[in-house]
Amino acid sequence: MRQGIHPPYGPVVFRDRAANYAFLTRSTMTSEKTIEWEDGNTYPVVDVEISNVSHPFYTGTARVLDTAGRVERFERRYGKQD
């Protein structure tokens, strides 16, 4: 790897404020805000709008739309145009 062309890669806390959930990982993202983590160290914190804790797909609250059924219902209601 060439020196001096890559951003620094280090520990960062990502925080989902909507779900009151945070996790520590490594990333090239950085922030001016910091947080004291459970291990007593201070890390930069990046606030995210959605994470696996609050995303509808992962929480099981996602709704699947039946587009085929909707088309058939529309054709029954208004008649199929030939």
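Conventions we followed
Residues numbered from 1 in each chain as written. Predicted model: local features only at pLDDT ≥ 70, side-chain atom pairs only at ≥ 80, totals over all residues. Heavy atoms only, no water. Helix = DSSP H or I, 4+ residues; strand = E, 2+ residues; numbered from the N terminus. Buried < 20%, exposed > 50% of the residue type's maximum accessible area, 1.4 Å probe, protein only. Areas by Shrake-Rupley, 256 points an atom, 1.4 Å probe, with all protein chains shown as cover. Patch = residues over 30% accessible without salt bridge, like charges linked within 9 Å, V, L, I, M, F, W, Y side chains within 5 Å. Salt bridge = Lys/Arg side-chain N within 4 Å of Asp/Glu carboxyl O. Phe/Tyr/Trp six-rings, centres within 6.5 Å; stacked < 30°, edge-to-face > 60°. Pairing = 2+ DSSP bridges. Axes fitted to C-alpha atoms, helices over the stretch in contact; angles between N-to-C directions.

Of regular secondary structure, the chain possesses two helices and four strands. Helices (α) and strands (β) of the chain occur, in sequence order from the N terminus, as β-β-β-β-α-α. Looking at the chain residue by residue over its 82 residues, the buried ones come to 13%. Accessible surface computed for the chain: about 7200 Å², of which carbon and sulfur atoms make up 50%.

We now examine the environment of Asn20. Within the secondary structure, Asn20 is located in the loop between strand 1 (10-16) and strand 2 (21-27). Separated by 33 residues in sequence, Asn20 and Val53 place their C-alpha atoms 9.2 Å apart.

All right, on to a nonpolar patch on the surface then. Among the surface-exposed residues, Tyr21, Phe23 and Val53 lie close enough to one another that they form a single nonpolar patch of about 220 Å² accessible area. Within the secondary structure layout, Tyr21 lies in strand 2.

Before going further, it helps to spend a moment on the packing of aromatic side chains. On inspection of all chains with the given rule, the structure shows two aromatic pairs. Plain terms: the ring middles of Tyr21 and Phe23 are 6.0 Å apart, the flat faces sit at 35° to each other, and that makes the pair tilted. Judged by relative accessible area, which is 30%, Phe23 ranks as partly exposed.

A separate point is the sheet that holds strand 4 (residues 42-48). Ordered in space as 2-1-4-3, the four strands form an open sheet in which the pairing is mixed. Pairing within the sheet leaves two strands with one partner each, and these edge strands are strand 2 and strand 3 (34-36). Here the strands of the sheet are splayed against their neighbours by 45° on average, with no regard to which way each runs. Two strands pair when backbone bridges link them, and strand 3 and strand 4 are joined in this way by three bridges, in the antiparallel orientation. What sits directly across from Thr34, in strand 4, is Pro44.

This part is about the pairing of strand 1. Of all seven residues making up strand 1, five are buried, and the element is well covered by its neighbours. Bridging between strand 1 and strand 2 involves seven bridges; their strand directions are antiparallel. Its bridge partner lying in strand 2, Asp16 is registered against Tyr21. Taking the residues that link successive antiparallel strands as the turn, the strand 1-strand 2 hairpin has four residues, and the phi of Asn20 there is positive, at about 55°. With four bridges connecting them, strand 1 and strand 4 associate as parallel partners. Within strand 4, the position partnered with Arg15 by the bridge is Asp47.

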